[in-house]
Amino acid sequence: MFLGATVVMAFAALLDTAGGSGVDDVSEETLTTMALVVGGWGLVIVLFAVISTMTLSVRQRAGEMALLKSIGATPFQVGRMIVGEAAAVAVVAAALAILPAMGAGRLLLELLQNTDQVAEGISYGFGTAALSIGLGVTFLAAVSGAIVTARRATKQRAKEAMTAVTVEQARMSRKRVIAAIAFLAIGLNCAILTVALFDDKGIDAMQTAGQASIWFSIGLALFAPVLVRAVTAVLAGPLRLLGGISGYLAVENVRRRTQHMAGALMPIILFTGIATGTLYMQSIENAAPPAAGSSIPADEAQAIETLNFVVVGMLSVFAAILVINTLVAATTYRRREFGQQRLAGSTPPQVLSMVGMEGVVLAAAGVLFGSIGSIVTVFPYSLARTGELLPDTTIGIYVGIVSTAAVLTLASCLGAARKAIRVPAVQAVAV
């Protein structure tokens, strides 16, 4: 929530800056566009991330929820506790984000001025728009995410909740499936519109192509439990063959903890899909000749390029931090499990090897389906812009994104696991 509040406030501050005195029309339009476009997508990602994180948090507290119900707590009381905690955390996170957001907003203004998109001498503003939008969006996202999470947690009876602590729900809810299909359909629709309406229209095609990978990646992320099981089925044989006991345990853990693993998979898909789609779209544009039919003047191309880089930078950083936070939280929560394995005879290297192989499954699934998510932007934009389905650009961008996703995933898993097993096994089991 803290990072989300910082991002939203930083971009909302550009609205305060645009409304200041002495701002020319061109600078005002640039500042407003940057705030609305990036801030809008930031809101979507923040809301999605909060719901994902809170779902993981509540699932980890399933034992506590089940115990409360078993001693007489009503569904309303449990739901009110979840929403109240989220609201309190949101307020604190938003308050702590004010100072970092002021600094980030100032850096954004300097970036726009250094690229000659905003006139020099315009004073930075951080006021009503930044505070109201930042606080409002953070609070709304937290409460909305808490309500969505609380509804699922409070539907189960006490006996069902106690059973759910040890047995995960194998099937996705109908609402989640419908939402995932809807996002996939929106992404595909944007891809089709890119080819159908913006063929040979130059940079105008970014209006739909840029959105395609974002919507499609969100849809794939919602299908994360299914995707985890599919990739695990494919990699089960090699992991057991190469990893021995550690490989066997890794496969069984992923299958048994599908929902937990799905929560960690979501940000990996988003990071890979959005970063690959946006960066390759801009790379295609940079290499393509000017289009006579474009309605966007050539002097605005630099502004759009900067906007794309800021969008992908903001969303990628946010997704990357979400990857780290989610994986660290999910791995640290397993301290007791690691202690039991060590008491049963597993050595610390074997535990780390098991966690590393689980990370390989997550990284492979995230990179694979994130790459699929980026295709709905890259291929249609290349076709509309150059007439070729496959873009004639460097593979270095993709290699860099994939490497970053893999390193983030494995480093987060192994780092948290290494810290967790430092606790003596008897002490970890007793917690």
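Procedures and definitions
- Residues numbered from 1 in each chain as written.
- Predicted model: local features only at pLDDT ≥ 70, side-chain atom pairs only at ≥ 80, totals over all residues.
- Heavy atoms only, no water.
- Core = buried A, V, L, I, M, F, W, Y, C linked by side-chain atoms within 4.5 Å.
- Buried < 20%, exposed > 50% of the residue type's maximum accessible area, 1.4 Å probe, protein only.
- Domains from an automatic or database assignment.
- Contact = heavy atoms within 4.5 Å.
- Phe/Tyr/Trp six-rings, centres within 6.5 Å; stacked < 30°, edge-to-face > 60°.
- Helix = DSSP H or I, 4+ residues; strand = E, 2+ residues; numbered from the N terminus.
- Axes fitted to C-alpha atoms, helices over the stretch in contact; angles between N-to-C directions.
- Parallel < 35°, antiparallel > 145°, perpendicular 65-115°, else oblique.
- Left-handed = near helix turned anticlockwise from the far one by under 90°.
- pLDDT = per-residue confidence, 0-100.
- Nonpolar A, V, L, I, M, F, W, Y, C, P; charged D, E, K, R; others polar.

(A) Broad picture of the nonpolar core. Membership of the largest hydrophobic core comes to 81 residues, with the highest contact counts inside it found for F11, L265 and F338. For this core, the two domains that each supply at least three residues are domain 1 (1-168) and domain 2 (172-430). Residues in contact with F338, not counting those within four places in the same chain, are T331, V351, M354, V355, A417, A420 and I421.

(B) Just the packing of aromatic side chains, in detail. Enumeration over the complete set of coordinates arrives at one aromatic pair. Between F183 and W215, the aromatic rings sit 5.7 Å apart at their centres with planes inclined by 10°, giving stacked as the arrangement. Here W215 lies in helix 8 (residues 206-222) and F183 lies in helix 7 (residues 174-197), a separation of 32 residues in the sequence. Residue classification places W215 among the buried positions, given a relative accessible area of 17%.

(C) Quick look at the packing of helix 10 (residues 258-287) against helix 11 (residues 301-332). One can describe the packing of helix 10 onto helix 11 by two numbers: an axis separation of 9 Å at closest approach and a directional angle of 160°. On the basis of the axis angle, helix 10 is roughly antiparallel to helix 11. Helix-helix and strand crossings are classified by hand; for helix 10 and helix 11 the assignment is left-handed.

(D) Examining the environment of F379 more closely. Tracing the backbone through its elements, the reader meets F379 in helix 13 (residues 348-386). By relative accessible area, F379 is classed as partly exposed at 26%. Through-space distance from the C-alpha of F379 to that of L389 is 5.3 Å; in sequence the pair is ten residues apart. With near-sequence residues (within four places) excluded, F379 lies in contact with L389, L390 and P391.

(E) View of the confidence of the model for the protein chain. Mean pLDDT over the protein chain: 82, with 88% of residues reaching 70 or higher. No element of the protein chain has a lower mean pLDDT than helix 6 (residues 158-166), which averages 50, and none a higher one than helix 7, which averages 93.

(F) Molecular detail of helix 12 (residues 335-343). Restricting attention to buried positions, one finds in helix 12 the residues E337, F338, G339, Q341 and R342. Those residues of helix 12 that are buried lie in contact with helix 9 (224-256), helix 11, helix 13, helix 14 (396-420) and helix 15 (425-430).

(G) Representation of the environment of G202 in the model. When you line up the elements, G202 lands in the loop between helix 7 and helix 8. When the C-alpha atoms of G202 and A288 are compared, they prove to be 8.5 Å apart, with 86 residues separating the residues in sequence.

(H) Structural view of the packing of helix 12 against helix 13. Two numbers describe how helix 12 lies on helix 13: the axes approach to 10 Å, and their chain directions differ by 135°. The pairing of helix 12 with helix 13 is recorded here as oblique in orientation. Every pair of crossing elements has a handedness; the one defined by helix 12 and helix 13 is right-handed. When helix 12 is examined against helix 13, the residues E337, F338, Q341 and R342 are found in contact with a partner set consisting of V351, M354 and V355. Grouping the amino acids of the contact of helix 12 with helix 13 by side-chain chemistry returns four nonpolar, one polar and two charged.

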